[in-house]
Amino acid sequence: MAMSTILLTVLLGLFLGVKSEYIAYNTSAKIVPGKINVHLVPHSHDDVGWLKTVDQYYVGANNSIRGACVQNVLDSLIAALLEDENRKFIYVETAFFQRWWRQQSPKVKGKVKDLVNSGQLEFINGGMCMHDEATPHYIDMIDQTTLGHLFIKDEFGQTPRVGWQIDPFGHSAVQAYLLGAEIQLQGLCTLTINNTILKTEGNCTEKHQNPPSNVDSDLSVIPCPAVQLSI
Ligand SMILES: [Zn+2]
């Protein structure tokens, strides 16, 4: 293809955009050696209680402790998606979404259902929160995930396709088996991974393969490179 044709195609693509639709995940892509591989995923990470209470996070109280107001995130997120059908977003914490959802008018709910059906808005993980994997009992992990999935199924008729465990402090076999294989997720995204595994797999960048000097190299969990976006 002539260079001018390629350029025209790229410019047309930028100008016209790509219409969002609900698509099957293509998980066959591999990392291209020798290049910087970038995969941008606009997603939520709204802690369902951490430095503040769940209520404080939702309404934006006590922002001197932590600047966070989840209802504003959801309000602005939905408005941004409705403005441009090329935008996509994945939302994770069902506890917050359910609370917001119950405060919306039938008109807004109808628009949000359209966003979900078109694939612009997708629920992933789907539990009431993104639970930790070290301290909770496995029954609690199953129960809270089930509760969130039931809400999504009841309201939107969908089942989350991907696990999104980007902030537990370490990962467990229970999560990978019960909450991965058994509920048939197509993938599981993690952020904190044992340094030994990182060194074995060698998938992360050079600088992240060396643990911080103040932690034990065999027991530490360190972050993979990641970019978190918020609206
Ligand atoms: Zn967190």
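Looking at an unreviewed UniProt entry, one finds the chain named Glycoside hydrolase family 38 N-terminal domain-containing protein and attributed to Carnegiea gigantea.

Moving on: the overall build of the chain. Looking only at helices and strands, one finds 8 helices and 6 strands in the chain. Taken from N to C terminus, the helices and strands of the chain fall in the order α-α-α-β-α-α-β-α-β-α-β-β-α-β. For the chain, the residues scored as buried account for 33% of the 231 residues in total. Considering only intrachain contacts with a sequence separation of at least 6, the fraction spanning at least 24 residues in the chain is 67%. Total accessible area on the chain stands at roughly 14,200 Å², and carbon and sulfur atoms take up 58% of it.

With distances of 2.0 to 2.3 Å, the protein atoms coordinating the zinc ion are His45 (NE2), Asp47 (OD) and Asp167 (OD). Counting the intervening residues between successive donors of the zinc ion yields the motif H-x1-D-x119-D. Of the two residues, His45 is situated in the loop between α1 (3-16) and α2 (54-59) and Asp167 in the loop between β3 (162-165) and α7 (173-181); the sequence distance between them amounts to 122 residues. A relative accessible area of 29% means that Asp167 is categorised as partly exposed.

This next bit is on the environment of Arg87. Here Arg87 shows up in the loop between α3 (70-83) and β1 (89-91). Arg87 gets classed as partly exposed once you look at its relative accessible area, which sits at 34%. Between the C-alpha atoms of Arg87 and Leu121, which are 34 residues apart in sequence, the distance is 8.7 Å. In this structure the side chain of Arg87 is engaged in a polar contact, spanning 2.9 Å, whose partner is the backbone oxygen of Ala80.

Turning to the packing of aromatic side chains, a few remarks are in order. Applying the stated rule across the entire model yields 10 aromatic pairs. Between the aromatic rings of Tyr58 and Phe96, the centroid separation amounts to 6.2 Å while the plane-to-plane angle is 15°, which identifies the pairing as stacked. Linking Tyr58 in helix α2 with Phe96 in helix α4 (residues 94-101), this pair joins segments that are 38 residues apart in sequence. On the basis of relative accessibility, which here comes to 1%, the residue Tyr58 falls in the buried class. Between the aromatic rings of Tyr91 and Phe97, the centroid separation amounts to 5.9 Å while the plane-to-plane angle is 50°, which identifies the pairing as tilted. Take Tyr91 and Phe97: they sit in the same class, and that class is buried. Within the aromatic cluster, the residues linked to one another by ring pairs are Tyr91, Phe97, Trp100, Trp101, Phe123, Phe151 and Phe156. Its guanidinium or amino end placed over the ring of Tyr57, Lys52 lies 5.4 Å from that ring's centre, counting from NZ or CZ.

Burial along β3 is two-sided: Val162 and Trp164 and Gly163 and Gln165, pointing in opposite directions, are all buried. The sheet contact formed by β3 and strand β4 (residues 187-190) spans 4 bridges and is parallel. Bridge pairing in β4 links Gln165 to Thr190. Crossover β3 to β4 through α7 is right-handed.

Between side chains of opposite charge, a pair can form when the charged atoms approach closely. What the rule picks out here adds up to 3 salt bridges. A salt bridge links Asp55 to Arg99, with the nearest nitrogen and oxygen atoms 2.7 Å apart. Highlighted residues: Asp55 in helix α2 and Arg99 in helix α4, separated in sequence by 44 residues. The class of Asp55 is partly exposed, set by a relative accessible area of 45%.

This paragraph deals with the confidence of the model for the chain. Mean pLDDT over the chain works out to 79, with 74% of the residues at or above the 70 mark. Averaged pLDDT values over the elements of the chain bottom out at 34 in strand β6 (residues 221-223) and peak at 98 in α4.

So, how was this worked out
- Residues numbered from 1 in each chain as written.
- Predicted model: local features only at pLDDT ≥ 70, side-chain atom pairs only at ≥ 80, totals over all residues.
- Heavy atoms only, no water.
- Helix = DSSP H or I, 4+ residues; strand = E, 2+ residues; numbered from the N terminus.
- Buried < 20%, exposed > 50% of the residue type's maximum accessible area, 1.4 Å probe, protein only.
- Contact = heavy atoms within 4.5 Å.
- Areas by Shrake-Rupley, 256 points an atom, 1.4 Å probe, with all protein chains shown as cover.
- Donors = N, O, S within 2.8 Å, 3.2 Å for Na, K, Ca; no water.
- Polar contact = N/O pair within 3.5 Å; in protein donor to acceptor, adjacent residues only side chain to side chain.
- Phe/Tyr/Trp six-rings, centres within 6.5 Å; stacked < 30°, edge-to-face > 60°.
- Lys NZ or Arg CZ within 6 Å of the ring centre and 35° of its normal.
- Pairing = 2+ DSSP bridges.
- Right-handed = clockwise from strand over helix to strand, strands pointing away.
- Salt bridge = Lys/Arg side-chain N within 4 Å of Asp/Glu carboxyl O.
- pLDDT = per-residue confidence, 0-100.

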